[in-house]
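# Per-entry structural report
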Amino acid sequence: ELKVEQNPLFLSMQEGKNYTIYCNYSTTSDRLYWYRQDPGKSLESLFVLLSNGAVKQEGRLMASLDTKARLSTLHITAAVHDLSATYFCAVDPNWGGAQKLVFGQGTRLTINP
Amino acid sequence: EPEVTQTPSHQVTQMGQEVILRCVPISNHLYFYWYRQILGQKVEFLVSFYNNEISEKSEIFDDQFSVERPDGSNFTLKIRSTKLEDSAMYFCASAPGQGNNEQFFGPGTRLTVL
């Protein structure tokens, strides 16, 4: 059974600092997704990582995938308050078709002024 | 930009009652899903649906649950006899398929079972 683990689960940081959220998963997969969720809201797609070594950047967020290590990272550069949210990684365990996503527990990020 | 829509946004029901949650996926997508999220917890897969049939379901998706695509646009989740522990946010998602499993989520239906 595929397990997806994120750490840390809670992160409180100051504006302007850098930090990284880690997502480890237990079985082979080349497809990993990052989502953002604001309180009481839906899941917003941030990044789609579809191959080993994939790196994507959007604003102050950068995501990468190492399929050999079964690890993805979400790096936050010079954090601003607007990035406060819960971030989920999700892994697609199957090739072929579009099957379920298995989500990590989420990392609740709070950025303080 | 096309988006997944869900109705109602909030449903309150008595234990033992049947509820139907409705979703309209993005129109050219081929794969449809239901997930749930109990307050403060992670998102859990319930069921996936492709080509008018269930392609995978989780242990949570027992005989009390069913899905249907009655008219080619709506995608529904029915819970036959609700329990207190069914209280959660239910998200519908759709994906284009063809090697791209980026799933687009609807706004969710908050189900409260009293």
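Residues numbered from 1 in each chain as written. Chains lettered and ligands numbered in written order. Predicted model: local features only at pLDDT ≥ 70, side-chain atom pairs only at ≥ 80, totals over all residues. Heavy atoms only, no water.

### Looking at the overall build of chain A
A count of helices and strands for chain A gives zero helices and eleven strands. Secondary structure elements of chain A, listed N to C terminal, follow the sequence β-β-β-β-β-β-β-β-β-β-β. On C-alpha atoms alone, chain A measures out to a radius of gyration of 14 Å, which is about the 13 Å that the 2.2 N^0.38 rule sets for 113 residues. A principal-axis box enclosing the C-alpha atoms of chain A has dimensions of 45 × 30 × 20 Å. Once local pairs closer than 6 in sequence are excluded, the contacts in chain A between residues at least 24 apart make up 55%. (Helix = DSSP H or I, 4+ residues; strand = E, 2+ residues; numbered from the N terminus. Rg over C-alpha atoms; globule rule 2.2 N^0.38 Å. Contact = heavy atoms within 4.5 Å.)

### Examining unusual backbone geometry
The peptide bond linking A:N7 to A:P8 adopts the cis configuration, its omega dihedral lying at 0 degrees. Between B:T7 and the following residue, B:P8, the backbone shows a cis peptide bond with an omega angle of -10 degrees. By secondary structure assignment, the location of B:P8 is in the loop between β1 (5-7) and β2 (10-13). Non-glycine residue B:N52 carries a positive phi angle of around 65 degrees. Relative accessible area serves as the criterion here: at 60%, B:N52 is assigned to the exposed category. (Buried < 20%, exposed > 50% of the residue type's maximum accessible area, 1.4 Å probe, protein only.)

### Overview of the side chain of B:D86
All names here are of chain B. Along the chain, the position of D86 falls in the loop between β8 (75-79) and β9 (88-95). Summary of buried charges: D86 has no salt-bridge partner, and the nearest side chain of opposite charge, R36, is 4.3 Å away. Not counting the four nearest positions on each side in its chain, D86 is found in contact with R36, F65, I79, S81, L111 and V113. (Lys, Arg positive; Asp, Glu negative; His and termini not counted. Salt bridge = Lys/Arg side-chain N within 4 Å of Asp/Glu carboxyl O.)

### Some words on the interface of chain B and chain A
Across the contact, 23 residues belong to chain B and 21 residues belong to chain A. Here chain B meets chain A over a buried area of about 1,800 Å², counting both sides, of which 53% is carbon and sulfur. Among the residues chain B hides against chain A, the three largest losses belong to B:K42, B:N101 and B:F105. Together they make up 28% of the total. Seen at the junction of chain B and chain A, the total is one salt bridge. (Buried area = accessible area lost by both parts, 1.4 Å probe.)

### What to know about the environment of B:I54
Residues and elements named next belong to chain B. Mapped onto the elements, I54 comes out in strand β6 (residues 53-57). In this structure, the C-alpha to C-alpha distance between I54 and S66, residues twelve residues apart in sequence, is 9.5 Å. Ignoring anything within four residues of it in the chain, the contact list for I54 reads V47, S48, F49, F61 and V67.

### Things to note about the pairing of strand β8 (residues 71-76) of chain A
Taken together, the six bridges between strand β3 (residues 19-25) of chain A and β8(A) define a ladder with antiparallel strand orientation. When the bridges of β8(A) are listed, A:I21 appears paired with A:L74. (Pairing = 2+ DSSP bridges.)

### A look at the pattern of salt bridges
Going through the model one piece at a time under the given rule, you end up with four salt bridges over all chains. Close ionic contact of B:E56 with A:K100 constitutes a salt bridge, the shortest N to O distance being 3.3 Å. Here B:E56, found in strand β6, pairs with A:K100, found in the loop between β9 (85-91) and β10 (102-103), and the two come from separate chains. What makes B:E56 partly exposed here is its relative accessible area of 22%. Judged by relative accessible area, A:K100 falls into the partly exposed class, the value being 23%.

### A word on the state of the cysteines
Every disulfide links exactly two cysteines, by a covalent bond between their sulfur atoms. Summed over the entire model, instances satisfying the criterion amount to two disulfides over all chains. Through a disulfide, A:C23 is tied to A:C89; the S-S separation comes to 2.0 Å. Because the sign of the S-S torsion sets the handedness, a value of about 80 degrees for the bond joining A:C23 and A:C89 places this disulfide among the right-handed ones. Residue A:C23 is found in strand β3, and its partner A:C89 is found in strand β9; the two are separated by 66 residues along the sequence. You'll find A:C23 and A:C89 in the same group, each marked buried. Across a sulfur-sulfur distance of 1.9 Å, B:C23 and B:C92 are joined as a disulfide pair. (Disulfide = S-S within 2.5 Å.)

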